[in-house]
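Below are the chains, spelled out letter by letter.
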Amino acid sequence: MTQQPGAQPENAALAAERDEAATELAGVEGEVSTRAVVAGGVVVGHDGSDCAQEALQWAAGLAERASWPLHVVRGWRIATAPQPASWEPGYVPPIGEYEQAVQADLEADVRAVLGAERAGGVTCHVVHAAPVRSLIEAAQAADLLVVGARGRGGFAGLLLGSVSDQVTRHAPCPVTVVRSQRKD
């Protein structure tokens, strides 16, 4: 990998995510959304975890008080997507059906936290990309990026998960990390 003179060395985790995303996306771009385009407001990352639910609740309150639009972003891969309704043994549904299943899952999570009325004013984005990449790209024109301190990762003793750690380092806008009130 060559770098421009004066450029910062690329973070190894981001490089690995980029390479993995490029491999998985080969041949499917145009079939699914690979980027969330947001024009201001609050972007909140959501992976379905308890911390993400708390971050969504906090972000929604701030967005309402500031009269900013609220955008909920979920980065996904085939391995993390719920099975589409058409899935059955021996049949792999088209990737668009996986995207629809992720969208339905995200919208259900948003309704569960905010209620149907408040959720109606929220824009949900599902992005076929690594979570860090999807959030950083969505935050390009955002006023604030909100993430939970921990996601679904396996190291529960850490104060920050890998996604929250990376977005605090690389986001193009201010970031708020919402710590869970739960004692694990």
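Every value quoted in this text rests on a predicted model; they were computed, and no experiment measured them.

Caption draft 1: Quick peek at the overall build of the protein. When helices and strands are counted, the protein shows five helices and five strands. Sorting the 184 residues of the protein into buried and exposed places 43% on the buried side. Taking the contacts inside the protein whose residues are at least 6 apart along the sequence as the reference set, 73% of them involve residues at least 24 apart. Carbon and sulfur atoms form 52% of the exposed surface of the protein, whose accessible area is close to 10100 Å².

Caption draft 2: Summary view of helix H5 (residues 162-170). Along H5, the positions that sit buried rather than exposed are Ser 164, Gln 166 and Val 167. The arc enclosing the buried residues of H5, seen along the axis, measures out at 165 degrees, which places them on a common side. Away from its buried face by more than 90 degrees, H5 exposes Ser 162 and Arg 169.

Caption draft 3: Main features of the sheet that holds strand S3 (residues 122-128). The sheet built from five strands is open, its strands ordered S3-S2-S1-S4-S5 with parallel pairing. Of all strands in the sheet, those bounded by a partner on one side alone are S3 and strand S5 (175-178). Geometrically, the sheet is characterised by an average inter-axis angle of 25 degrees between neighbouring strands, direction not taken into account. Sheet analysis places strand S2 (residues 70-76) next to S3, joined by seven bridges and oriented parallel. Paired with Gly 75 across the strands is Val 127, a residue of S3. Helix H2 (residues 50-66) rests against strand S1 (42-45), S2, strand S4 (144-148) and S5 of the sheet, and its axis sits at about 150 degrees to S4. Those strands touched by helix H3 (residues 95-119) are S2 and S3, and its axis lies near 155 degrees from that of S3.

Caption draft 4: Geometry of the pairing of S3. Within S3, six of the seven residues are buried, which leaves it mostly tucked inside the rest of the structure. Between S2 and its parallel partner S3, the chain crosses via H3, and the hand of that crossover is right-handed.

Caption draft 5: The nonpolar core, seen in detail. By size, the foremost hydrophobic cluster in this structure holds 27 residues, and its most contacted members are Leu 70, Val 72 and Val 110. Where this core is concerned, the elements lending two or more residues are S1, H2, S2, H3, S3 and S4. Ranked by residue count, the leading element in this core is H3, at eight residues. When residues no more than four places from it in sequence are discounted, the contact partners of Val 110 are Leu 56, Val 72, Gly 115, Ala 119, Val 122 and Cys 124. By size, the runner-up hydrophobic cluster in this structure holds 16 residues, among which are Val 38, Val 132, Ala 138 and Val 147.

Caption draft 6: Molecular detail of the pattern of salt bridges. A complete count under the given rule lists six salt bridges for this structure. Ionic pairing is found between Glu 137 and Arg 35, a salt bridge with its closest N-O pair at 3.9 Å. Note that Glu 137 is positioned in helix H4 (residues 131-138) and Arg 35 in the loop between helix H1 (12-25) and S1, a separation of 102 residues in sequence. Of the residues examined, Arg 35 reaches a relative accessible area of 45% and is grouped as partly exposed. Across the pair Arg 74 and Asp 109 runs a salt bridge, and its minimum N-O distance is 2.8 Å. One end of the pair, Arg 74, is in strand S2; the other, Asp 109, is in helix H3, and 35 residues separate them in sequence. Since its relative accessible area comes to 6%, Arg 74 is described here as buried. Linked by salt bridges that have partners in common, Arg 35, Arg 133 and Glu 137 make up one network.

Cut-off values and rules
Residues numbered from 1 in each chain as written. Predicted model: local features only at pLDDT ≥ 70, side-chain atom pairs only at ≥ 80, totals over all residues. Heavy atoms only, no water. Helix = DSSP H or I, 4+ residues; strand = E, 2+ residues; numbered from the N terminus. Buried < 20%, exposed > 50% of the residue type's maximum accessible area, 1.4 Å probe, protein only. Contact = heavy atoms within 4.5 Å. Areas by Shrake-Rupley, 256 points an atom, 1.4 Å probe, with all protein chains shown as cover. Arc of directions from axis to C-beta. Pairing = 2+ DSSP bridges. Axes fitted to C-alpha atoms, helices over the stretch in contact; angles between N-to-C directions. Right-handed = clockwise from strand over helix to strand, strands pointing away. Core = buried A, V, L, I, M, F, W, Y, C linked by side-chain atoms within 4.5 Å. Salt bridge = Lys/Arg side-chain N within 4 Å of Asp/Glu carboxyl O.

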